[in-house]
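Okay, here's what each chain looks like letter by letter:
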Amino acid sequence: MKFYYHPISSYCQKVLVAMYEKGVEFEPHIVSLMDPEKRAEYREVYPMGKVPVLIVDDDHLIPESTTIIEYLDGIAEPKLIFGDPEQRRKIRFKDRMFDLYLNDSVSTLLFQSMKPESERDQERIDTSKFRIDTMYGFMEHELSEQPYANGDDFSMSDCAATPALFYAQRAAPFNDYQHISAYWDRLASRPSIRRVMSEAEPHVKAFMGDDAAA
Ligand SMILES: N[C@@H](CCC(=O)N[C@@H](CS)C(=O)NCC(=O)O)C(=O)O
């Protein structure tokens, strides 16, 4: 399997966590999306130009982080989408919530904060803050009753929460939320996640020009 990704990309980190949890072997292809030439080259692989992408058997292209994890679940243990239909629905639901309303909002805040104040989009910032606060409220409640997003076992939802919380430490700190903080400590102590973070760290430092990944 060929995996097209970049260690700094949150959606790639989500899939890397799943791959390292499962011990899946892959051929790494790092895509430098900041370089216009490399970006154009990558569009030959995947016209949408987004990472991550998994290529299986040389020509079977699998884009989209959730879809990649669903594919991996079919070929390698441990399962990250498991249980009865209701449990599986909840795993997918939280995966969507973490991607769309937490991760995307955290990314928006990070990118906006890197712009000069006069160029920032206050409406997008306000919407992102509202979504993050709403997600934190939801997560704090859920995590008061269980160690992981869907109970006792680590699932695809936790893969999705990882990069969001990794970058949220900088963009939208959650220190005031006792259960989210404990959840983050639990996530960050998993070997798969420690590996993803340590691989991302030098790239995050170079991109943000400081100790953001510390
Ligand atoms: N829904 C996609 C989102 C992928 C995505 O937005 N990837 C970003 C990096 S985190 C990207 O490729 N950005 C480059 C671009 O938008 O051109 C997924 O879950 O894989």
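Use the structure listed above.
Structure report, in brief. None of these values were measured; they are calculated from a predicted model.

About the criteria used
Residues numbered from 1 in each chain as written. Predicted model: local features only at pLDDT ≥ 70, side-chain atom pairs only at ≥ 80, totals over all residues. Heavy atoms only, no water. Near = heavy atom within 4 Å. Polar contact = N/O pair within 3.5 Å; in protein donor to acceptor, adjacent residues only side chain to side chain. Areas by Shrake-Rupley, 256 points an atom, 1.4 Å probe, with all protein chains shown as cover. Nonpolar A, V, L, I, M, F, W, Y, C, P; charged D, E, K, R; others polar. Helix = DSSP H or I, 4+ residues; strand = E, 2+ residues; numbered from the N terminus. Pairing = 2+ DSSP bridges. Expected span 1.5 Å × (residues − 1). Contact = heavy atoms within 4.5 Å. Buried < 20%, exposed > 50% of the residue type's maximum accessible area, 1.4 Å probe, protein only.

## Considerations on the site of the ligand
Reasoning step 1: Near the ligand, the surroundings consist of S9, S10, Y11, L33, R39, K50, V51, P52, E64 and S65.
Reasoning step 2: Note that a nitrogen atom of the ligand is positioned 2.8 Å from one of the backbone N or O atoms of V51.
Reasoning step 3: Between the ligand and the protein, one listed contact pairs an oxygen atom with a side-chain N or O atom of S65 at 2.6 Å.
Reasoning step 4: Protein coverage of the free-state accessible area of the ligand, which is 510 Å², stands at 75%.
Reasoning step 5: Its residues placed into classes, the shell around the ligand shows four nonpolar, three polar and three charged.

## Focus on unusual backbone geometry
Reasoning step 1: Look at the link from V51 to P52: it is a cis peptide, with omega at 10 degrees.
Reasoning step 2: By the secondary structure assignment, P52 is in the loop between α2 (36-45) and β3 (53-56).
Reasoning step 3: Residue E77 is joined to P78 through a cis peptide bond whose omega torsion reads -5 degrees.
Reasoning step 4: Checked against the element boundaries, P78 lands in the loop between α3 (65-75) and α4 (85-113).
Reasoning step 5: In this model, E64 sits at a positive phi of 75 degrees, which is unusual for a non-glycine residue.

## A word on the pairing of strand β4 (residues 60-63)
Reasoning step 1: Here β3 pairs with β4 via four bridges, running antiparallel. The residue bridging V56 from the neighbouring strand is H60, located in β4.
Reasoning step 2: Hairpin connection, β3 to β4: the antiparallel pair is bridged by three residues, and D57 has positive phi, about 55 degrees.

## Regarding helix α5 (residues 122-143)
Reasoning step 1: Spanning 22 residues, α5 covers 31 Å between terminal C-alpha atoms, matching the ideal 32 Å at 1.5 Å per step.
Reasoning step 2: The inward-facing, buried residues of α5 abut α4, α6 (156-171) and α7 (178-188).
Reasoning step 3: Near the N-terminus of α5, the side chain that reaches the backbone nitrogen of E123, with its oxygen 3.1 Å away, is that of D121.

## Digging into helix α1 (residues 10-22)
Helical geometry note: an α-helix holds 3.6 residues per turn, so side chains three or four residues apart project in the same direction.
Reasoning step 1: Over its 13 residues, α1 extends 19 Å from the first C-alpha to the last, a length consistent with the 18 Å expected when each residue adds 1.5 Å.
Reasoning step 2: Along α1, 12 of the 13 residues are buried, which leaves the element largely enclosed by surrounding structure.
Reasoning step 3: Along α1, the residues that are buried comprise S10, C12, Q13, K14, V15, L16, V17, A18, M19, Y20, E21 and K22.
Reasoning step 4: On its buried face, α1 sits against β1 (2-5), β3, α3, α4, α6 and α8 (191-208).

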